[in-house]
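In case you want the letters, here they are:
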Amino acid sequence: MRIAVLDDDITTLQIVEQAITGGDNVLHEPECRFFTRGLDMLAAIKTEHYDCLVLDRQLPDMNGDVILQWVRQFGLAKYKRYTNVIMLTHLRTEADELYGLQAGADDYLSKPFKPAVLVQRIQNLYAMNQAIAHNSTQNF
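Residues numbered from 1 in each chain as written. Predicted model: local features only at pLDDT ≥ 70, side-chain atom pairs only at ≥ 80, totals over all residues. Heavy atoms only, no water.

## Considerations on the layout of surface pockets
One water molecule sets the probe size; rolling that probe over the atoms shows where empty space is left. Defined as follows: Grid points spaced at 1 Å over the protein atoms alone were grouped into cavities, where a 1.4 Å probe fits but cannot get out, and pockets, open sets with protein on both sides within 12 Å along at least five of seven lines, with lining residues defined by an atom within 4 Å of a point. Grid points are joined across faces, edges and corners, and a volume is the space filled by probe spheres set on the points. The secondary structure listing takes helices from DSSP runs of H or I that are at least 4 residues long and strands from runs of E that are at least 2 residues long, numbered from the N terminus. Charged residues are taken to be Asp, Glu, Lys and Arg, nonpolar residues to be Ala, Val, Leu, Ile, Met, Phe, Trp, Tyr, Cys and Pro, and polar residues to be all remaining types, Gly included.
Estimated volume of the largest pocket: approximately 250 Å³. Taken together, H49, D51, L76, K80, R81, Y82, Y126, N129, Q130, I132, A133 and S136 make up the full set of residues lining the largest pocket. Per-element accounting of the lining of the largest pocket gives the leading share, 6 residues, to helix α5 (residues 115-138). For the lining of the largest pocket, the class distribution of residues is 5 nonpolar, 4 polar and 3 charged. Within this model, the second largest pocket holds a volume of roughly 150 Å³. Together, D7, D8, D9, T12, I15, D56, Q58, T89, H90, K111, P112 and F113 line the second largest pocket. Of the residues that constitute the lining of the second largest pocket, the class distribution is 3 nonpolar, 4 polar and 5 charged.

Structure representation (structure tokens):
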């Protein structure tokens, strides 16, 4: 599973990395890439497919909403595979969460977050996509 994480806070990136690659609730053989700048992640997702993106919404150079918009407009057509997106942000009002979900995020977590819950949500989304992909190939 290929995962890209965007956050300008190094501590948050370290917590996410430890949750994904260490501890009890580890993802099976994840390939992770971490970004502190939105522009760097946007450049990467234009040339590489990731199964899941974890996006902060507030960054100095751009917000995660721009990346979510690009993924939803162009990602499926470019890679012929769906990309899961989880927003992980300090923006925690009901309106913020609704905005993220209505913009196309698959899930929305507020900071501070529970690392094991983030990993489980990544696993659930990945399993759902695998099941959908398997069923769609069975029907043709």
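## Topic: the sheet that holds strand β1 (residues 2-6)
Across a sheet, paired strands are connected by hydrogen bonds in the backbone, their directions being either parallel or antiparallel. Counted only if it meets this: Only strands joined by at least two bridges in the DSSP assignment are considered to pair. Angles shown run from 0 to 180 degrees and are taken between the N-to-C directions of axes, each axis being a line fitted to C-alpha atoms and, for helices, limited to the stretch in contact. Contacts are residue-level and defined by heavy atoms, with any inter-residue pair within 4.5 Å sufficient.
Strand order in the open sheet formed by 5 strands is β2-β1-β3-β4-β5, and the pairing between neighbours is parallel. With partners counted over all chains shown, the strands left at the sheet margins are β2 (31-35) and β5 (107-110), one partner each. Shown here is a sheet whose adjacent strand axes are inclined to one another by a mean of 15°, direction ignored. Bridge count for β1 against β2 is 5 bridges, and the pairing is parallel. Across the sheet, residue L6 finds its bridge partner in β2, namely F35. Contacting β1, β2 and β4 (84-89), helix α1 (residues 10-21) crosses the sheet at an angle of about 175° to β2.

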